[in-house]
Amino acid sequence: MDYDYKYELAKAYYVRGEYSQASSLLEDVLAYMKGTMYAEESLYMLSMCYYNMKDYVTASHYMTTYFNTYPKGVYAEVARFMSAKALYLDTPDPRLDQSSTIRAINEIQVFTEYYPYSPYKRQAQDMLYELHDRLVEKEYRSAQLYYDLGNYMGNNYQACIITAQNALNDYPYTKLREELSMLILRARFSMAKESVKDKMIDRYRDTIDEYYAFKNEYPESKYLKEADKIYRDAQKALK
């Protein structure tokens, strides 16, 4: 079977959505097509075959190869976007290692820098916000764990506060902002209650300050009843 025929057959499989057959043929003809008018299209089709087969890591690899080889190619913009999207779709559960999430974030940011007016920009930004929230969720879980540990083998309440505050500083628009803020308030109150006497007054005052900040930002919070009780208990403790 000659390579030109394999290429045309691969295209036919691709159009019919038979991506496994198409990818096998394209892998075979890719080296032969190098330097011809079909090389660029072959590489792009191959990357999209793997994308449609949900092999996102391989898809991103070939898309990256495409836009590095053809930086001004016909499919350069869409290949850069689809490479980022493939990595986005391959990101793990927030409880697992997030190194691939960070890689996806970097890829999306590079795409938006290269193509600031792209029709894919809104979709790229939405993916970016979602990936940020995954990182925040991992930090939230860590902060919650510190809170649950309490004073076991050290002041874990302080670690909870620092972890939650860092997440808020790094990702100020996260959808978990209210939950992180409430966790900080709980941690400050619990730390005050379990403090030695010479630190108790200052920590109750910190709790009250935290309450005012929380209520100011979330006047209709679903946690307001709990927050109000923390405030009353802290006031009572100070008296």
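Up top is the structure these notes are about.
So, here's what we can say about the structure. The model shown is predicted, which means the values in this text are computed figures rather than measured ones. (Residues numbered from 1 in each chain as written. Predicted model: local features only at pLDDT ≥ 70, side-chain atom pairs only at ≥ 80, totals over all residues. Heavy atoms only, no water.)

## A word on the overall build of the protein chain
Summing up its helical and strand segments, the protein chain has 11 helices and 0 strands in all. Expected size for 239 residues packed as a compact globule is a radius of gyration near 18 Å; at 26 Å, the protein chain overshoots this value by more than 25%. Its C-alpha atoms give the protein chain principal-axis dimensions of roughly 90 × 35 × 25 Å. Counting every position in the protein chain, which comprises 239 residues, the buried fraction comes to 46%. Accessible surface, the protein chain as shown: approximately 13,600 Å² in total, 50% of it carbon and sulfur. Distance from the positive charge centre (31 side chains) to the negative charge centre (35 side chains) of the protein chain: 7 Å. (Helix = DSSP H or I, 4+ residues; strand = E, 2+ residues; numbered from the N terminus. Rg over C-alpha atoms; globule rule 2.2 N^0.38 Å. Buried < 20%, exposed > 50% of the residue type's maximum accessible area, 1.4 Å probe, protein only. Areas by Shrake-Rupley, 256 points an atom, 1.4 Å probe, with all protein chains shown as cover. Lys, Arg positive; Asp, Glu negative; His and termini not counted. Charge placed at Lys NZ, Arg CZ, Asp CG, Glu CD.)

## Let's talk about a nonpolar patch on the surface
On the surface, a nonpolar cluster with roughly 560 Å² of combined accessible area is contributed by Leu 145, Tyr 146, Leu 149, Tyr 152 and Met 153. Checked against the element boundaries, Leu 149 lands in helix α7 (residues 121-149). A relative accessible area of 37% means that Leu 149 is categorised as partly exposed. (Patch = residues over 30% accessible without salt bridge, like charges linked within 9 Å, V, L, I, M, F, W, Y side chains within 5 Å. Salt bridge = Lys/Arg side-chain N within 4 Å of Asp/Glu carboxyl O.)

## Remarks on the packing of aromatic side chains
Summed over all chains, the structure comprises 18 aromatic pairs. Between Phe 111 and Tyr 115 the ring centres are 5.5 Å apart and the planes differ by 40 degrees, which places this aromatic pair in the tilted class. Residue classification places Phe 111 among the buried positions, given a relative accessible area of 1%. Judged by its relative accessible area of 19%, Tyr 115 is buried. Through pairs of rings, three or more aromatic residues link up here, namely Phe 81, Phe 111, Tyr 114, Tyr 115 and Tyr 120. Just above the ring of Phe 67 sits the side chain of Arg 80; from NZ or CZ to the centre is 3.9 Å. Cation over ring: Arg 80 sits above Tyr 114, and NZ or CZ is 3.9 Å from the ring centre. (Phe/Tyr/Trp six-rings, centres within 6.5 Å; stacked < 30°, edge-to-face > 60°. Lys NZ or Arg CZ within 6 Å of the ring centre and 35° of its normal.)

## A look at the packing of helix α5 (residues 76-89) against α7
Contact geometry of α5 with α7 gives a least axis separation of 11 Å together with a crossing angle of 25 degrees. On the basis of their axis angle, the class for α5 and α7 is roughly parallel. Considering the relative orientation of α5 and α7, their crossing is left-handed. Contacts from Phe 81, Lys 85 and Tyr 88 of α5 reach α7 at Gln 123, Ala 124, Met 127, Glu 130, Leu 131 and Arg 134. (Axes fitted to C-alpha atoms, helices over the stretch in contact; angles between N-to-C directions. Parallel < 35°, antiparallel > 145°, perpendicular 65-115°, else oblique. Left-handed = near helix turned anticlockwise from the far one by under 90°. Contact = heavy atoms within 4.5 Å.)

## Notes on the side chain of Thr 207
Relative to the elements of secondary structure, Thr 207 occurs in helix α10 (residues 197-217). Here the side chain of Thr 207 touches Phe 189 through a polar contact of 3.5 Å, landing on its backbone nitrogen. (Polar contact = N/O pair within 3.5 Å; in protein donor to acceptor, adjacent residues only side chain to side chain.)

## With respect to the pattern of salt bridges
Scanning the model with the defined rule gives 12 salt bridges in all. Close ionic contact of Glu 18 with Arg 16 constitutes a salt bridge, the shortest N to O distance being 2.8 Å. On the basis of relative accessible area, Glu 18 is assigned to the partly exposed category, the value being 26%.

## Here's the deal with unusual backbone geometry
One non-glycine residue, Lys 54, lies in the positive phi region at around 65 degrees. For Lys 54, the position within the fold is in the loop between α3 (39-52) and α4 (56-69).

## Here we look at the nonpolar core
Judged by nonpolar contacts, the single largest core of 45 residues is most densely connected at Leu 26, Met 48, Tyr 51, Tyr 66, Met 82 and Ile 108. Those elements that provide at least two residues to this core are α1 (3-15), α2 (19-33), α3, α4, α5, α6 (99-114) and α7. Once residues lying within four places of it in the same chain are set aside, the contact partners of Leu 26 are Ala 10, Ser 42, Met 45, Leu 46 and Cys 49. (Core = buried A, V, L, I, M, F, W, Y, C linked by side-chain atoms within 4.5 Å.)

## Here's the deal with the side chain of Ser 181
Secondary-structure assignment places Ser 181 in helix α9 (residues 177-193). Filtering out sequence-adjacent residues up to four positions away, Ser 181 remains in contact with Leu 168, Phe 214 and Tyr 218.

## Things to note about α7
End to end, α7 covers 42 Å across 29 residues, agreeing with the expected 42 Å (1.5 Å per residue, within 8%). All of the buried residues in α7 are Ala 124, Met 127, Leu 128, Leu 131, His 132, Asp 133, Arg 134, Leu 135, Val 136 and Ala 143. Residues of α7 that are buried make contact with α5, α6, α8 (156-170) and α9. The positive-phi residue at the C-terminal boundary of α7 is Gly 150, with phi of around 60 degrees. (Expected span 1.5 Å × (residues − 1).)

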